[in-house]
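Geometric and topological summary
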Amino acid sequence: MPFREINSKMVEATVLPGQKMYSQRGAMLAYRGDVSFTPNIQGGQGGVMSMIGRRVANEAAPLMTVEGNGTVMFGHGGHHIQVINLSGDTLYVEADRLLAFDGTLQQGTMFMGSQGGVMGMVRGQVTGQGLFTTTLKGHGAVAVMAHGGVIELPITPGREVHVDPQAYVAHHGDVRNKLSTALGWRDMVGRGSGEAFQLELSGSGAVYVQTSEEKL
């Protein structure tokens, strides 16, 4: 069920009988029709392992299962919302950035160390986002949250993209991530440890970058 962007901070989704979608708790702003919202302690379609991953990453708040027949408007905290449409590939996104997504998508968790080895683990420590990231795979739509707006940067073979880890929102496609040290002028002016690193993404896909480094 695709999302309709009402404005930069609100989206609307059509809920049909026999279909499900999942949303972050507190994301529902308004709805029309016969729609129900039920806490999902199993962590969506990822089941118990997804729930465990969220708890390890201090993301234990349950998702809400949205069902019925009507339309729902979603938004959260005044954050910018970016809609990402998947066509069979996998989206990697921090769980606390998820606003809502199609129930047809298969949800799971990935240990950051499995991409980029030890440096992937360091990224979790630097950004404060934890060692686990959420994966969504299949055909469907995902609405994610960010600060100040989002830009999509294509990743193509031989042309890797370097991203400040604190500006990273999500990525999809056949992409490898590696954290590297990037000491530079930002550390000299004392802006914090996060700017001492760069997240290098290579392969084929896209990365979504927020315009502000503020954490959710």
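Residues numbered from 1 in each chain as written. Predicted model: local features only at pLDDT ≥ 70, side-chain atom pairs only at ≥ 80, totals over all residues. Heavy atoms only, no water.

**Some details on the overall build of the protein**
A tally of helices and strands in the protein yields three helices and 13 strands. Counting only residues that meet the buried cut, the protein has 52% of its 216 residues in that class. For the protein, the proportion of contacts with a sequence separation of at least 24, taken over those separated by at least 6, is 80%. Split by element, the accessible area of the protein, about 9,900 Å² in all, is 54% carbon and sulfur. (Helix = DSSP H or I, 4+ residues; strand = E, 2+ residues; numbered from the N terminus. Buried < 20%, exposed > 50% of the residue type's maximum accessible area, 1.4 Å probe, protein only. Contact = heavy atoms within 4.5 Å. Areas by Shrake-Rupley, 256 points an atom, 1.4 Å probe, with all protein chains shown as cover.)

**With respect to the environment of M145**
Along the chain, the position of M145 falls in strand β9 (residues 132-146). With 49 residues separating them in the primary sequence, M145 and D96 have C-alpha atoms 8.4 Å apart.

**Considerations on the pattern of salt bridges**
A side chain with one charge can pair with a side chain of the opposite charge if their charged atoms come near. For the structure on display, the rule yields two salt bridges. Across the pair R4 and E12 runs a salt bridge whose closest N-O atoms are separated by 3.1 Å. Using a relative accessible area of 47% as the deciding quantity, one classes R4 as partly exposed. One salt bridge connects R32 with E12, and the closest N-O pair in it is separated by 2.7 Å. With R32 in strand β4 (residues 28-40) and E12 in strand β2 (residues 10-15), this residue pair connects regions lying 20 residues apart in the sequence. The network of salt bridges with common partners includes R4, E12 and R32. (Salt bridge = Lys/Arg side-chain N within 4 Å of Asp/Glu carboxyl O.)

**Overview of the packing of aromatic side chains**
Taken as a whole and judged by the stated rule, the model has two aromatic pairs. Between Y22 and F101, the ring centres sit 5.6 Å apart and the planes meet at 40°, which makes this aromatic pair tilted. Within this pair, whereas Y22 is found in strand β3 (residues 21-24), its partner F101 is found in strand β7 (residues 98-102), the two being separated by 79 residues in sequence. You can call Y22 buried: its relative accessible area is 5%. (Phe/Tyr/Trp six-rings, centres within 6.5 Å; stacked < 30°, edge-to-face > 60°.)

**Some thoughts on the pairing of β3**
Because side chains alternate across β3, one face comprises the buried residues M21 and S23, and the other comprises Y22 and Q24, equally buried. Direction of pairing for β3 relative to strand β5 (residues 63-74): antiparallel, over a ladder of four bridges. Paired with M21 across the strands is V66, a residue of β5. In this sheet, β7 lies alongside β3 in antiparallel orientation, the contact comprising three bridges. Each residue of the ladder has a partner; that of M21, found in β7, is D102. (Pairing = 2+ DSSP bridges.)

**Observations regarding the side chain of Q82**
Along the chain, Q82 falls in strand β6 (residues 80-93). On the basis of relative accessible area, Q82 is assigned to the buried category, the value being 19%. Beyond its immediate chain neighbours, meaning those up to four positions away, Q82 contacts V142, A143, V144, V150 and Y208.

**A word on the side chain of T134**
For T134, the location among the structural elements is in strand β9. Among the residues examined, T134 registers a relative accessible area of 2% and is labelled buried. Beyond its immediate chain neighbours, meaning those up to four positions away, T134 contacts L91, Y92, V93, A95, L98, Q107, G108 and T109.

**A look at the environment of K178**
Note on placement: K178 falls in strand β12 (residues 168-181). For K178, a relative accessible area of 42% puts it in the partly exposed group. It is 6.6 Å that separates the C-alpha atoms of K178 and L201, two residues lying 23 residues apart in sequence. When near neighbours in sequence (up to four residues on either side) are disregarded, K178 contacts Q198, L199 and E200.

**Some points on the confidence of the model for the protein**
Overall, the predicted model of the protein reaches an average pLDDT of 79, with 69% of residues at or above 70. Within the model, the stretch residues 46-60 combines pLDDT values under 50 with 24 contacts to residues more than four positions away or in other chains. Below pLDDT 50 for its whole length, residues 117-123 participates in 15 contacts with residues either more than four positions away or in separate chains. (pLDDT = per-residue confidence, 0-100.)

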